[in-house]
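# Structural description and commentary
Chain residues, written in single-letter form:
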Amino acid sequence: MLNFNAVAMNKFNNSYLLSISMVSAMGGLLFGYDWVVIGGAKPFYERFFEITTSANLQAWAMSSALVGCILGAVISGIVSDKWGRKFPLLLSALLFTISAFGTGIADTYNVFIIYRIIGGLGIGLASALSPMYIAEVSPSQYRGRLVSLNQMTIVIGILAAQIINILIAEKVPDGATDAFIRGSWNGITGWRWMFWAEVIPAVAFFVFTFFVPESPRWLMKAGKSEKAYPTLKKIGGETYAQEEMKNIQGTLNDVAEKVDFKVLSNPKYRRVLIIGVVLAVFQQWCGINTVFNYADEIFSAAGYGVSDMLFNIVITGSVNLIFTLVAMFTVDKWGRKKLMLFGASGLAITYLLLGSAFYFQLQGVAVLSMVVMGIGIYAMSLAPITWVILSEIFPNRIRGAAMALATFVLWIACFILTYTFPLLNKGFGAAGTFWLYAVICILGFLFIRMNLPETKGKTLEEIEKELVE
């Protein structure tokens, strides 16, 4: 799938690089599935728990996993600096398994919420560790597309959830009442199987992770250079291993083995942390994730029924996958900054059009087309490229803690986005809400243009020297 140049890559062990990257990226697949499966189950579990009349309970059901995401992001920094990158990936796989099974057996609203938070813990860990691990084992000239594997698996997980939801759900008659849906197979059992389906990939992720090596950059930071060398040699040969170890060691001189969050307060890291935090927030506040989490409200406002809504969600998921593949083949050619600017400006225009469509009460294909356009733009720009940038801009010394901070802020931003969408939609209407997202995208465009350097083709150590004063 990845079209590596055979001549340029002949010194690298391609199959080994791809295999360990793909295993790590399974965390992204589960992240995507767990994040989106609830959108398809939403029309049914809300009737089961009888929360259709409470906007607050609906919002909490959708956003509760984000509490776990936030906590998982914080934990990721602690455990990844102390125990490496591999252990947190194993822990996230275990949490995904527990959450998938537990959410499906929940018979009360509060139990449902508890297991959603546990799943959020898994997402928080995987979202920080999977791209960071891939970045730390990747050769610089192919790091962009390899880290983008994580976004590709997130999108595959999203699409898998959407397809499984539509396969599991029985067709709902137009005009069906809440009581009818609550008493149907969908309302009693179907939504449970949507969550249970996640158990299989979660167990597979747990098993496969045992066979990946620890990150050589973490091993060297922890003073275990003798264990880092074999992995680097297996990736690129003896000369590559020696050069990489020399470059890595050059950024670790006089560094204490243990790193905590206090190190982030050092003024020399201020610029890189501001860039990382702002990009993390912007990736969420650009607003596209509301399409996945609140697809039923958006498509209902556009005149679609429940069954049509599930089909439309699959359409958006397919577009998401196609354009993520486009990103993988352009990130190391076009560069990170150009794609981020394209995404910010493209979404701003899309939201202006989408808000106008709702304002003038257009329905059907008109709204669906603009939603699909927005997802395509996001999928080839802000979605994967933000994770690529976050995984590569932070210095070796603070990478674990800084990535945890950026991911923590990202999930805080996502919580605010997810929780506020139904409230904004109720207060300003769909038109006003999407116009607000357009303004945010314009501000994001200006920040990226003025502050983000290009990082394609540079080693992690070269990026560190450029960004850290």
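This one's a predicted model, so the numbers in the text were calculated from it and none came from an experiment.

For the rest of this paragraph, the subject is the overall build of the chain. Each helix and strand counted, the chain has 19 helices and zero strands in total. In summary, the chain has a C-alpha radius of gyration of 22 Å against a globular reference of 23 Å for 469 residues, a match within 12%. Taken over the C-alpha atoms alone, the chain extends approximately 70 × 45 × 45 Å along its principal axes. Here the chain holds 469 residues, and 61% of them are scored as buried. Counting only carbon and sulfur atoms, one obtains 66% of the accessible surface of the chain, whose full area is about 17,500 Å². Distance between charge centroids for the chain: 6 Å, based on 35 positive and 29 negative side chains.

Okay, the pattern of salt bridges next. Applying the stated criterion to the full structure yields 13 salt bridges. The partner of Glu46 in a salt bridge is Lys42, with the nearest N and O atoms 2.9 Å apart. Remark: Lys42 and Glu46 occur in helix α1 (residues 14-48); sequence separation between them is four residues, near one turn of the helix. Salt bridges sharing common partners tie together Arg143, Arg145, Asp332, Arg336 and Glu392.

Buried residues of helix α19 (residues 460-467): Leu460, Glu461, Ile463, Glu464 and Leu467, and no others. The buried side chains of α19 occupy one side of the element, clustering within an arc of 160° when seen end-on.

Structurally, Thr97 is set in helix α3 (residues 86-105). Sequence-distant contacts of Thr97, defined by excluding residues within four places in its chain, comprise Val199, Ala202 and Val203.

Time to look at the side chain of Ser76. Inspection of the secondary structure puts Ser76 in helix α2 (residues 55-83). By relative accessible area, which is 1% here, Ser76 ends up buried. Those residues within four positions of Ser76 in sequence are excluded, and the remaining contacts are Leu125, Ala128, Leu129 and Ala404.

Counting residues in hydrophobic clusters, the biggest one holds 107 residues, and the most contacted among them are Tyr45, Phe112, Leu347, Phe394 and Trp411. Sorting elements by how many residues they give to this core places helix α18 (residues 399-451) first, with 17 residues. Formed by 33 residues, the second largest nonpolar core is a distinct cluster that contains Tyr16, Leu146, Ile248 and Met328.

A surface patch of nonpolar side chains, about 510 Å² in accessible area, is lined by Val203, Val207, Phe208, Phe210 and Phe211. For Phe208, the position within the fold is in helix α8 (residues 199-209). With relative accessibility at 42%, the residue Phe208 sits in the partly exposed group.

All chains considered together, the criterion is met by 20 aromatic pairs. Between Phe49 and Tyr109 the ring centres are 6.2 Å apart and the planes differ by 75°, which places this aromatic pair in the edge-to-face class. Of this pair, Phe49 sits in the loop between α1 and α2 while Tyr109 is found in helix α4 (residues 109-137), placing the two residues 60 residues apart along the sequence. By relative accessible area, which is 14% here, Tyr109 ends up buried. Consider the rings of Tyr359 and Trp435, whose centres lie 5.6 Å apart with planes at 40°: the pair is tilted. You can see Tyr359 sitting in helix α15 (residues 336-359) and its partner Trp435 sitting in helix α18, a full 76 residues away along the chain. We note Arg192 situated over the ring of Phe48; from NZ or CZ to the ring centre the distance is 4.9 Å.

A separate point is the environment of Val207. By the element assignment, Val207 lies in helix α8. The class for Val207 is partly exposed, based on a relative accessible area of 39%. C-alpha separation for the pair Val207 and Met22, spaced 185 residues apart in sequence, amounts to 13 Å.

The next subject is the environment of Phe180. For Phe180, the location among the structural elements is in helix α6 (residues 178-183). Remark: the alpha-carbon pair of Phe180 and Val372, spanning 192 residues in sequence, is separated by 31 Å.

What follows deals with the environment of Gly287. With respect to the element layout, Gly287 can be found in the loop between α11 (270-285) and α12 (289-293). Between the alpha carbons of Gly287 and Tyr351 there is a distance of 9.2 Å; along the sequence they are 64 residues apart.

Let us now look at the packing of α1 against α8. Where α1 meets α8, the closest approach of the two axes is 9 Å, and the angle between their N-to-C directions is 160°. Between α1 and α8, the interaxial angle falls into the category roughly antiparallel. In the packing of α1 onto α8, the handedness of the crossing is left-handed. Touching Val23, Ser24, Met26, Gly27, Leu29 and Leu30 of α1 are Pro201, Ala202, Ala204, Phe205, Phe208 and Thr209, all from α8.

The next point concerns the confidence of the model for the chain. For the chain, the average pLDDT comes to 85, and 90% of its residues sit at 70 or higher. Confidence drops under a pLDDT of 50 for residues 1-10, and excluding neighbours within four residues, the segment shows 19 contacts in the predicted structure.

What follows covers the packing of α1 against helix α7 (residues 185-196). With their axes 9 Å apart at the nearest point, α1 and α7 run at an angle of 170° to one another. On the basis of their axis angle, the class for α1 and α7 is roughly antiparallel. Between α1 and α7, the residues in contact are Tyr33, Val37, Ile38, Gly40, Ala41, Phe44, Tyr45 and Phe48 and Asn186, Gly187, Ile188, Trp191, Arg192, Met194 and Phe195, respectively. Considered class by class, the residues forming the contact of α1 with α7 number eleven nonpolar, three polar and one charged.

Within this structure, the stated rule accounts for zero disulfides. Looking at Cys414, it has no disulfide partner, and the nearest cysteine sulfur is the one in Cys69, 7.0 Å off. Here Cys441 is not cross-linked by a disulfide; its sulfur's nearest cysteine counterpart is in Cys286, at 5.4 Å. Among the residues examined, Cys441 registers a relative accessible area of 0% and is labelled buried.

Taking 1.5 Å as the rise per residue, α1 with 35 residues should run 51 Å; its terminal C-alpha atoms sit 49 Å apart, in good agreement. Remark: the principal bend of α1, roughly 65°, maps to Ala41, with a proline, Pro43, within the next four residues. Burial analysis of α1 places 28 of its 35 residues in the buried class, the great majority of the element. Of the residues flanking the end of α1, it is Glu50, one or two places downstream, whose phi is positive at about 55°.

About the cut-offs
- Residues numbered from 1 in each chain as written.
- Predicted model: local features only at pLDDT ≥ 70, side-chain atom pairs only at ≥ 80, totals over all residues.
- Heavy atoms only, no water.
- Helix = DSSP H or I, 4+ residues; strand = E, 2+ residues; numbered from the N terminus.
- Rg over C-alpha atoms; globule rule 2.2 N^0.38 Å.
- Buried < 20%, exposed > 50% of the residue type's maximum accessible area, 1.4 Å probe, protein only.
- Areas by Shrake-Rupley, 256 points an atom, 1.4 Å probe, with all protein chains shown as cover.
- Lys, Arg positive; Asp, Glu negative; His and termini not counted.
- Charge placed at Lys NZ, Arg CZ, Asp CG, Glu CD.
- Salt bridge = Lys/Arg side-chain N within 4 Å of Asp/Glu carboxyl O.
- Arc of directions from axis to C-beta.
- Contact = heavy atoms within 4.5 Å.
- Core = buried A, V, L, I, M, F, W, Y, C linked by side-chain atoms within 4.5 Å.
- Patch = residues over 30% accessible without salt bridge, like charges linked within 9 Å, V, L, I, M, F, W, Y side chains within 5 Å.
- Phe/Tyr/Trp six-rings, centres within 6.5 Å; stacked < 30°, edge-to-face > 60°.
- Lys NZ or Arg CZ within 6 Å of the ring centre and 35° of its normal.
- Axes fitted to C-alpha atoms, helices over the stretch in contact; angles between N-to-C directions.
- Parallel < 35°, antiparallel > 145°, perpendicular 65-115°, else oblique.
- Left-handed = near helix turned anticlockwise from the far one by under 90°.
- pLDDT = per-residue confidence, 0-100.
- Nonpolar A, V, L, I, M, F, W, Y, C, P; charged D, E, K, R; others polar.
- Disulfide = S-S within 2.5 Å.
- Expected span 1.5 Å × (residues − 1).
- Bend = angle between axes of the 7 residues up to and from the residue.

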